[in-house]
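# A look at the structure
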Amino acid sequence: MKAKRFSFGRVAIVVLASLFVFGFTGCSWLSNLFGDDVTGTYTSSYGDSYVITSSTITYNDGGYGYDWEGDVVATDKDSDTASGYLYVKYTSVGTELDSSLVGNYTAIHYKDLSDTGALLSNAYKYNYDSYKSDLSEAKSEFTVDNGYFSCYGEYARSN
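Predicted model, so just to flag it, every value in this text is computed and none were measured.

### Some details on unusual backbone geometry
The backbone of Asp 112 shows a phi angle near 55°, a positive value even though the residue is not glycine. Within the chain, Asn 127 stands out as a residue other than glycine whose phi angle is a positive 65°. Structurally, Asn 127 can be placed in the loop between strand 7 (117–122) and helix 3 (135–141).

### What about the nonpolar core?
Side chains of a nonpolar character, in soluble globular proteins, are inclined to be buried together. Counting 18 residues, the largest nonpolar core has Tyr 42, Tyr 50, Ile 57, Trp 68 and Leu 120 as the members making the most contacts within it. Elements supplying a minimum of two residues to this core: strand 2 (49–52), strand 3 (56–60), strand 4 (68–77), strand 5 (84–93), strand 6 (105–111) and strand 7. When residues of this core are assigned to their parent elements, the largest contribution, 3 residues, is made by strand 5. Contacts of Ile 57, omitting those with residues within four sequence positions, involve Tyr 50, Val 51, Ile 52, Trp 68, Glu 69, Gly 70, Val 72, Leu 86, Val 88 and Ile 108. Formed by 10 residues, the second largest nonpolar core is a distinct cluster that contains Ala 74, Tyr 85, Tyr 87 and Tyr 148.

### Digging into the packing of aromatic side chains
All chains considered together, the criterion is met by 8 aromatic pairs. Arranged with centres 5.3 Å apart and planes meeting at 75°, the rings of Tyr 50 and Tyr 155 form a pair that is edge-to-face. Separated by 105 residues along the polypeptide, Tyr 50 in strand 2 and Tyr 155 in strand 8 (residues 153–158) bring together distant segments of the chain. Summarising the aromatic geometry, the rings of Tyr 85 and Phe 149 are spaced 5.8 Å apart at their centres and angled 65° between planes, so their arrangement reads as edge-to-face. Here Tyr 85, found in strand 5, pairs with Phe 149, found in the loop between helix 3 and strand 8; they are 64 residues apart in sequence, far enough to count as distant. Since its relative accessible area comes to 8%, Tyr 85 is described here as buried. A network of ring pairs unites the aromatic residues Tyr 50, Tyr 59, Trp 68, Tyr 90 and Tyr 155 as a single cluster. If you follow Lys 111 out to its NZ or CZ, it ends over the ring of Tyr 152, 4.1 Å from the centre. We note Lys 125 situated over the ring of Tyr 128; from NZ or CZ to the ring centre the distance is 4.4 Å.

### Comments concerning the pattern of salt bridges
Scanning the model with the defined rule gives 1 salt bridge in all. Among the ionic pairs, Glu 137 bridges to Lys 132, the shortest N-O distance being 3.9 Å. Taking relative accessible area as the criterion, Lys 132 reaches 17% and is therefore assigned buried.

### A closer look at the pairing of strand 5
Looking at chain direction, strand 4 and strand 5 are connected through 9 bridges and run antiparallel. Counterpart to Ala 74 in the pairing with strand 5 is Tyr 87. The loop that links strand 4 with its antiparallel partner strand 5 comprises 6 residues. The pairing of strand 5 with strand 6 spans 6 bridges and is antiparallel. Along strand 6, the bridge assignment pairs Tyr 85 with His 109.

Reading the values: the criteria
- Positions within a chain are numbered from 1, following the residues in the order the chain's sequence is written.
- Confidence filtering applies because this is a predicted model: local features only for residues at pLDDT of at least 70, side-chain atom pairs given and counted only at 80 or more, and all residues used for totals across whole chains, interfaces and linings.
- To get the side-chain values, all heavy atoms of the structure are used, and hydrogens and water are removed first.
- Under the DSSP-based scheme used, a helix requires at least four consecutive residues in state H or I and a strand at least two consecutive residues in state E, with every element numbered from the N terminus.
- The nonpolar core is taken to be a set of buried Ala, Val, Leu, Ile, Met, Phe, Trp, Tyr and Cys residues, with the residues joined through side-chain atoms within 4.5 Å.
- Partly exposed residues are those whose accessible area sits between 20% and 50% of the maximum for their type, while under 20% is buried and over 50% is exposed, using a 1.4 Å probe and protein chains only.
- Only heavy atoms enter the contact rule, under which two residues are in contact if any of them lie within 4.5 Å.
- Put simply, two rings from Phe, Tyr or Trp (the six-membered ring, in Trp's case) pair if the centres are within 6.5 Å, and we call them stacked under 30 degrees between planes, edge-to-face over 60, tilted for the rest.
- Criterion for a charge above a ring: Arg CZ or Lys NZ at most 6 Å from the ring centre, at most 35 degrees from the ring normal.
- Salt bridge, as used here: a side-chain nitrogen of Lys or Arg that lies within 4 Å of a carboxyl oxygen of Asp or Glu.
- Strands are labelled as partners when DSSP assigns at least two bridges between them.

Pasting the structure below:
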């Protein structure tokens, strides 16, 4: 009877192949595991809400006319996975907002992201525009370090 030998090479190949396949099929599972998937519905105690998908954001202000919709055109995570930026191109705006915003870019910063909620902030800085006509300009200007995200709302998350 011939004894079977443990082959480190075979095990390594199986492990690497599994990681390769898992890397292409399991990304959303990994995102959910580490809590860095931002998609979902976020509602504050004031009645406003964000619906965030992988490609769009809808902000509902609770009926005051400041609601808007946009396409998510870029994302940038901070060094931790619980915070980052969503860059949005406006596609429609509410009646109390200037319709010239459509086609321009803005940003949302999120932090303390968890399965149950997040702190969310729209780009805003007193006496400065909170939109840009160019995405690269929006990405360089709308940052925490530049003072655009000083006020956050607390939002409960439902998926």
